Amino acid sequence: MIKWSNKYLLGIDIIDEQHKELFCIAGDAYDLLKNEFYIDKYDKVVKLIEELKRYATFHFETEEKYMMEIGYKKLFSHKMVHNDFIKQVNEIDLEKVDENQEEYLASIIQFIVDWIEQHILRMDREYVSNSQFTMHNSQSKEK
Ligand SMILES: [Fe+2]
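Residues numbered from 1 in each chain as written. Predicted model: local features only at pLDDT ≥ 70, side-chain atom pairs only at ≥ 80, totals over all residues. Heavy atoms only, no water.

(A) Main features of the pattern of salt bridges. Within the structure shown, the criterion is met by nine salt bridges. In this structure, glutamate 50 engages lysine 53 in a salt bridge whose closest nitrogen and oxygen atoms are separated by 3.6 Å. Here lysine 53 and glutamate 50 lie together in helix H2 (residues 42-69), a separation of three residues that amounts to about one turn. According to the relative accessible area criterion, glutamate 50 is partly exposed, its value standing at 36%. For lysine 53, a relative accessible area of 15% puts it in the buried group. (Salt bridge = Lys/Arg side-chain N within 4 Å of Asp/Glu carboxyl O. Helix = DSSP H or I, 4+ residues; strand = E, 2+ residues; numbered from the N terminus. Buried < 20%, exposed > 50% of the residue type's maximum accessible area, 1.4 Å probe, protein only.)

This is the structure:
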């Protein structure tokens, strides 16, 4: 099961909302894949994975803009990690006819979610502590 949890909260509303949306799309794709009542669900699942890719790209742009605004020093390397993920995801052949297509699609969704989860908990947290530091500094300078 793929579910949002408050442990992913960073405290930056726009980014938290987008992270929630990523989990939501992935959860929908997974639920649909596991739903046994639909006859023709593969196209729908593939569409949702495509949507997940599209939204991840959009979300990374938001994050990179935010990191730029706070003057985050590791912006470049963070951006490289985003680009690398998009590249990996783009290399996945969703139409691949696999003997076990359900397992294949489930593993793709799981890969994307695991990556996003680890990324939020590690790399994204770093720019948050940096932004608090920056804000704290600028506040103390104003005094
Ligand atoms: Fe990120």
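(B) Spotlight on the coordination of the iron ion. Around the iron ion, the protein contributes the donor atoms Glu63 (OE), His78 (NE2), His82 (NE2), His119 (NE2) and Asp124 (OD), which lie 2.0 to 2.3 Å from the metal centre. Here the donor residues of the iron ion share one chain and are spaced in sequence as E-x14-H-x3-H-x36-H-x4-D. Of the two residues, histidine 78 sits in helix H3 (residues 75-90) while histidine 119 sits in helix H4 (residues 101-142), which places them 41 residues apart along the sequence. (Donors = N, O, S within 2.8 Å, 3.2 Å for Na, K, Ca; no water.)

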